[in-house]
Structures are given as C-alpha cells and as structure tokens.
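Residue strings, one per chain:
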Amino acid sequence: MTIGTSTEHGGGNYPFLSRQGEKETESVRGNADYRSNGYFMKADWHGDSATRSDMVVNLVSSERGTPGPLFTTANQGRARQSDDQLQIAGSLRHGEGGKLQLTLAGNFQNAYERYIDAGERVPVDNYYRTVVWNLSPQARFAFSGPLSLLAGAEIGSA
C-alpha cells in the first residue's frame, strides 16, 4: 500500500510594469495566490495466484484568487475560487493466466467548484458539482493458440 500527501502554494503577487498613456508604473499583481492540498492512496491485493485487485483513491482540494482582467493597477479583482475533487477507481480480476478471465472495474468521481466575487455591482456566487460513476464487467475466454473471445459491458451515470 502506498499513501501520500502533497501541498503546494504560492503568493502569486508578482511585480509588473503598467503603461497608461505616457505614464509607466511598476505595480504588483494582486489576488493571484493559490493553495492546493492532495491526498492519495494506492493498494494492491493478490489473493491466490489467479485473483488480483487494486484500488486508487485521490483527493485534491484547492483555493485560489482569480484576479481577472487588468484594467487599472487599482482594479485587479477580488474573486476567489475553490475546487475539491475525490476520485476512487478499482478493479478485481480472477482467472489470470487461465482459459477464462473475469474482470470488474469501477470508477467514482465527485467534483465541486465554487466561484465567489463579492466585489461586483451584482455579487457573484456560482458553484457546480459533477458526480460520475461507472462499472465495467468483462469476460475473456482464451481458445487454443492466439484466438480469444472478449465480451464486456459498461454502465454509468454522470
């Protein structure tokens, strides 16, 4: 089993030169910061010599500024965006190396995004969620030699 985590962040407030008419001004880009945290786990299981299973879980959560278009150095936007995503995938295989192999694979994903800009004349608070899952059973029968028959299906929802 492998377990891990990651963290990434940055200020994003970098200097730049702005020209407005004949006047050139050095300013700092604001609201360009970000932070992201990730967590993951991967596990493999081997039953007898013909049965195997694996699973991966991944969770990422991030929050960032979205400075928007630069009209003037005083107006750089104050919008914020957050994203969260959970993904789980796994499979179970039986009969590996034999004439009949059975596999069941599945995937689940739950993603959420929120965008808030309270600085506008009309405040904005948008969000969306996406939930996706699927299952894929499969059977493979190996005839003698290089010939085999493969049958499967996929069912899912998004």
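That block above? That's the structure.
Treat the numbers as computed from the prediction; the structure is a model and nothing was measured.

Novice: For the overall build of the chain, give the residues involved together with the corresponding values.
Specialist: Counting its secondary structure elements, the chain contains zero helices and 10 strands. For the chain, the N- to C-terminal ordering of α and β elements is β-β-β-β-β-β-β-β-β-β. Taken over the C-alpha trace, the chain has a radius of gyration of 25 Å; the compact-globule value for 158 residues is 15 Å, which it surpasses by more than 25%. For the C-alpha atoms alone, the extent of the chain along its principal axes is close to 80 × 30 × 25 Å.

Novice: Could you give me a rundown of the pairing of strand β5 (residues 51-66), with the residues and numbers involved?
Specialist: Alignment of strand β4 (residues 34-46) against β5, held across 13 bridges, turns out to be antiparallel. Bridge pairing links D44 to D54 in β5. Of the pairings in the sheet, the one linking β5 to strand β6 (residues 79-94) comprises 16 bridges and is antiparallel in character. Looking across to β6, one finds that S53 is bridged to L92.

Novice: Lay out the pairing of strand β3 (residues 23-28) with the relevant residues and their values.
Specialist: Summarising the sheet, strand β2 (residues 15-20) and β3 pair through six bridges and their orientation is antiparallel. Looking at β3, one finds that P15 is bridged to V28. Turn length for the β2-β3 hairpin, with the two strands adjacent in sequence and antiparallel, is two residues, and the turn residue G21 shows positive phi of about 70°.

Novice: Tell me about the pattern of salt bridges, and name the residues and values.
Specialist: If you walk through the whole model with that rule in mind, you get five salt bridges. R93 is the salt-bridge partner of D54, the closest N and O atoms lying 3.1 Å from each other. Within this pair, whereas D54 is found in strand β5, its partner R93 is found in strand β6, the two being separated by 39 residues in sequence. Taking relative accessible area as the criterion, D54 reaches 22% and is therefore assigned partly exposed. Residue classification places R93 among the partly exposed positions, given a relative accessible area of 24%. With a closest N to O distance of 2.6 Å, D125 and R114 form a salt bridge. With D125 in strand β8 (residues 124-142) and R114 in strand β7 (residues 100-117), this residue pair connects regions lying 11 residues apart in the sequence. Look at D125 and you get partly exposed, because its relative accessible area is 41%. Several salt bridges share partner residues, and in doing so they unite D33, E63 and R80 into one network.

Novice: Just give me the short version of a nonpolar patch on the surface, but keep the residues and values in it.
Specialist: On the surface, W45, L92, L104, W133, L135 and I155 cluster together into a nonpolar patch covering about 570 Å² of accessible area. By relative accessible area, L135 is classed as partly exposed at 38%.

Novice: Could you give an account of the packing of aromatic side chains, with specific residues and numbers?
Specialist: Here the structure, examined in full by the defined rule, presents two aromatic pairs. Taken together, a centroid distance of 5.0 Å and an interplanar angle of 75° make the contact between F141 and F143 edge-to-face. Looking at F143, the relative accessible area reads 38%, which means it is partly exposed.

So, how was this worked out
Residues numbered from 1 in each chain as written. Predicted model: local features only at pLDDT ≥ 70, side-chain atom pairs only at ≥ 80, totals over all residues. Heavy atoms only, no water. Helix = DSSP H or I, 4+ residues; strand = E, 2+ residues; numbered from the N terminus. Rg over C-alpha atoms; globule rule 2.2 N^0.38 Å. Pairing = 2+ DSSP bridges. Salt bridge = Lys/Arg side-chain N within 4 Å of Asp/Glu carboxyl O. Buried < 20%, exposed > 50% of the residue type's maximum accessible area, 1.4 Å probe, protein only. Patch = residues over 30% accessible without salt bridge, like charges linked within 9 Å, V, L, I, M, F, W, Y side chains within 5 Å. Areas by Shrake-Rupley, 256 points an atom, 1.4 Å probe, with all protein chains shown as cover. Phe/Tyr/Trp six-rings, centres within 6.5 Å; stacked < 30°, edge-to-face > 60°.

Any link to function would need more than the numbers given here.
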